[in-house]
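An overview of the molecular structure
Residues per chain, in single letters:
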Amino acid sequence: MAQLWGGRFTKETDKMVYAFNASIRFDQRLLEQDIRGSKAHATMLAKCGLLTEEEKEQILTGLEGILSDVQAGSLEITDAYEDVHSFVEAVLTERIGEAGKRLHTGRSRNDQVALDMKLYTRDRIDETDELLKELLEVLLRLMKENLTTYMPGFTHLQKAQPLTLAHHLGAYFEMFMRDRSRMQDIRKRMNLCPLGSGALAGTTYPLDRELTASLLEFDGPTGNSMDSVSDRDYLIEFVFDLSLIMMHLSRWCEELILWNSNEYRYIEIDDSYSTGSSIMPQKKNPDVAELIRGKTGRVYGALQSLLVMMKGIPLAYNKDLQEDKEVSFDAVDTAMTALRLFNGMLPGIAFDKERMRESAALGFTNATDAADYLVRKGMPFRDAHSVIGKMVLYCIEKDCALGDLTLGELKGFADTMGEDFYDAVSLETCISRRLTKGAPGPLAINGEIREAKEFLSSVCNPGRN
Ligand code: ARG
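Along each chain, residues carry numbers from 1 onward, in the same order as the chain's sequence is written. Reporting in this predicted model follows two pLDDT cut-offs: at least 70 for local features of residues, and 80 or more for side-chain atom pairs to be given and counted; totals over whole chains, interfaces and linings ignore these cut-offs and use all residues. The basis for every side-chain value is the complete set of heavy atoms in the structure, and neither hydrogens nor water enter the calculation.

A few points about the overall build of the chain
Put simply, the rule is: We count a stretch as a helix when DSSP gives it H or I for four or more residues in a row; a strand needs E for two or more, and each element gets its number in order from the N terminus. When we talk radius of gyration, it's over C-alpha atoms, and the globule rule is simply 2.2 Å times the number of residues to the 0.38. Classification of residues uses two cut-offs on accessible area relative to the type maximum, computed with a 1.4 Å probe and protein chains only: under 20% is buried, over 50% is exposed, and between them is partly exposed.
Scanning the chain for helices and strands turns up 20 helices and four strands. For 465 residues, the compact-globule estimate of 2.2 N^0.38 gives 23 Å, and the C-alpha radius of gyration of the chain, at 30 Å, exceeds that figure by more than 25%. Projected onto its principal axes, the C-alpha coordinates of the chain cover approximately 100 × 50 × 40 Å. A buried classification covers 50% of the 465 residues belonging to the chain.

Observations regarding the nonpolar core
The nonpolar side chains of a soluble globular protein tend to be buried with one another. So the rule is basically this: By nonpolar core we mean a set of buried residues, namely Ala, Val, Leu, Ile, Met, Phe, Trp, Tyr and Cys, connected to one another through side-chain atoms within 4.5 Å. Contacts were defined at the residue level, with two residues in contact if any of their heavy atoms lie within 4.5 Å.
Core analysis: the biggest nonpolar cluster contains 98 residues, and Phe87, Phe176, Leu249, Trp252, Trp259 and Phe342 have the highest contact counts within it. With 14 residues, the top contributor of residues to this core is helix H11 (residues 233-259). Beyond its immediate sequence surroundings of up to four residues, Trp252 is in contact with Leu135, Leu139, Leu169, Tyr172, Phe176, Phe342 and Leu346. Counting residues in hydrophobic clusters, the runner-up holds 21 residues, among them Tyr373, Met391, Leu402 and Ala414.

Topic: the pattern of salt bridges
To be explicit about the condition: By definition, a salt bridge exists where a carboxyl oxygen of Asp or Glu is found within 4 Å of a side-chain nitrogen of Lys or Arg.
In the structure shown here, the tally under the stated rule is 33 salt bridges. One salt-bridge network, in which partners are shared between bridges, spans Glu82, Asp83, Arg109 and Lys319.

Some points on the site of the ligand
Stated formally: Throughout, near means a residue has at least one heavy atom within 4 Å of the molecule or strand. Pairs of N or O atoms are called polar contacts if they sit within 3.5 Å, as long as, within protein, a hydrogen donor faces a hydrogen acceptor (for residues adjacent in sequence, only side-chain-to-side-chain pairs). The Shrake-Rupley method, run with a 1.4 Å probe, gives the accessible areas here. Residue values count only the displayed protein chains as cover. Residues are grouped as follows: nonpolar covers Ala, Val, Leu, Ile, Met, Phe, Trp, Tyr, Cys and Pro; charged covers Asp, Glu, Lys and Arg; every other residue, Gly included, is treated as polar.
In the neighbourhood of the ligand, the contacting residues comprise Ser23, Asp27, Asp83, His85, Arg109, Asn110, Val113, Tyr317, Lys319, Gln322 and Lys325. The contact in question runs from a nitrogen atom of the ligand to an N or O atom on the side chain of Ser23, over 3.0 Å. Protein coverage of the free-state accessible area of the ligand, which is 340 Å², stands at 87%. For the shell around the ligand, the leading source of residues is helix H7 (residues 109-145), giving three residues. Looking at the shell around the ligand residue by residue, the classes come out as two nonpolar, four polar and five charged.

Looking at the side chain of Gln112
As for its placement among the helices and strands, Gln112 is situated in helix H7. A relative accessible area of 3% means that Gln112 is categorised as buried. Each residue touching Gln112, except ones within four places of it in the same chain, is listed here: Asp34, Ser38, His85, His104, Arg107 and Leu195.

Comments concerning the packing of aromatic side chains
Our working definition: Pairing of aromatic rings covers Phe, Tyr and the six-membered ring of Trp, with a centre-to-centre limit of 6.5 Å; geometry is then stacked below 30 degrees between planes, edge-to-face above 60, and tilted otherwise. Charges are assigned to positions over rings by a cutoff of 6 Å between ring centre and Lys NZ or Arg CZ, combined with an angular limit of 35 degrees from the ring normal.
For the coordinates displayed, the defined rule picks out 11 aromatic pairs. A centroid spacing of 4.7 Å and a plane angle of 50° characterise the contact between Trp252 and Phe342, whose relative ring orientation is tilted. A residue pair is termed long-range when its members are at least 10 positions apart, and Trp252 in helix H11 and Phe342 in helix H13 (residues 324-345) qualify at 90 residues. Ring centres of Tyr264 and Tyr266 lie 5.3 Å apart, and the angle between their planes is 80°; this geometry places the pair in the edge-to-face category. Cation over ring: Lys118 sits above Tyr234, and NZ or CZ is 5.5 Å from the ring centre. When the ring centre of Phe218 is taken as reference, the NZ or CZ atom of Arg122 above it lies at 4.5 Å.

Some points on a nonpolar patch on the surface
The condition that has to hold: Each patch is built from residues lacking any salt bridge and having more than 30% relative accessible area; the joining distance is 9 Å for like charges and 5 Å for nonpolar side chains (Val, Leu, Ile, Met, Phe, Trp, Tyr).
Together, Leu200, Met226 and Leu315 line one region of the surface with nonpolar side chains, adding up to about 270 Å² of accessible area. Along the chain, the position of Leu315 falls in the loop between helix H12 (287-310) and H13. Using a relative accessible area of 61% as the deciding quantity, one classes Leu315 as exposed.

A few points about helix H16 (residues 381-398)
Spelled out, the test is: One less than the number of residues in a helix, times 1.5 Å, gives the span that helix is expected to have. What the arc covers is the set of directions going from the helix axis to the C-beta atoms.
With 18 residues, H16 extends 25 Å from end C-alpha to end C-alpha; this agrees with the ideal 26 Å at 1.5 Å per step. Taken as a whole, H16 has its buried residues at Ala384, Val387, Ile388, Met391, Val392 and Cys395. For H16, the angular spread of buried residues about the axis comes to 145°, placing them on one side. Residues of H16 that are exposed and point more than 90 degrees away from the buried face comprise Arg382, Lys390, Leu393, Ile396 and Glu397. Check the buried side of H16 and you find it contacts helix H15 (367-376), helix H17 (407-413) and helix H18 (420-424). One or two positions beyond H16, positive phi appears at Asp399, with a value near 55°.

Some thoughts on the pairing of strand S1 (residues 150-155)
Under the convention used in this document: At least two DSSP bridges between two strands are required for those strands to pair.
As defined by bridge partners, S1 adjoins strand S2 (residues 158-164) across six bridges and the pair is classed as antiparallel. What sits directly across from Tyr150, in S2, is Thr164. Between S1 and S2, which pair antiparallel one after the other, the connecting turn spans two residues, and His156 there sits at a positive phi close to 55°.

Dropping the structure here:
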């Protein structure tokens, strides 16, 4: 058991307590961030005259060696160390001696772990942003390719009004566009460096916090040192946005599962993204979509855990804060894997455009347009609604569509009915008449596509500049 704080103790830590307290099992994934932070801290200490140039060089080389040896597999991280910070400092001191013991000057594990978590979160924000960008690019391409792919729109899962696949996909474009702008927003707000806040009350050393912040590509140092070591708002915001991303993916997966079903048959998911049954030879199941839908709950769970974990924490650092890691790591892994898999699955989905069109033409999706036709002929909308309702009932009995009725039959319902009724209730007309901003009509959807393109070319990933 290698601990950094044995001095004031006369007894060994109880074994169960040691294991309960230790975080190395899960915080070892912060190794790269921990070393990045320590290198910046050492560089700053030397600039401020708190380390000699030689000590700094020894520390930097030592830290780089630790990282590359762990990555190469020649140095093992074991549970002999309490946490990743203790591991790095112990191995460094073992390897370079005296200088290693000076690295922690003007630093506490409290501001160190606050920094590591921020660096980790910022890295993952940049990667998530990139994945969202990939998704939006595929979506935009699919929208452009499906301007005249007709399909029914649903409310209550009942056929409602006709629309196009481009318009349906456009709804998801909006959701993921908001997710992406939220990522950028969180990043901007969190991008301040906590290093130099010490345990809770700053330090007595003349540290240059601006320098460490800029070495680590932060916009500046954080303010109040007590908040700096105990703030996890940015992590909660990130996990919240991941929860929304999962919610959006899950809604879409639910639709893909329906559309892929034998009853709908709107789409076929590629073989490489489907699985079979051990007993039923005919089966091809959309497991990826189902799992993304299923794993959404885990990410929500992490968000809830973080919020509850934080709610009783008095200022400043308390060990509860160590509980921020496992749940958020799991949420990040889950959501980013879901996004990667979704991005892999989406381009391979085959849309059965003929089947979607047939489905749009059935089920009276043009009934609202038929009522609007009568309104244009002078009838009040409420009366038109009732007349078309009766026509629908008649058609259900005859097992036909509104457009299949003869002119004579039409006139039996309203004498203003004319030949132009058939064109007014055709799929093409129903779509092309929808011109309001945000509607599926060609003019409106082209406007949406223009805005989508503008969003994609105007937003860049701040981590990749
Ligand atoms: N493993 C700890 C955490 O994750 C590191 C900070 C420990 N600080 C302390 N004062 N015990 O929060």
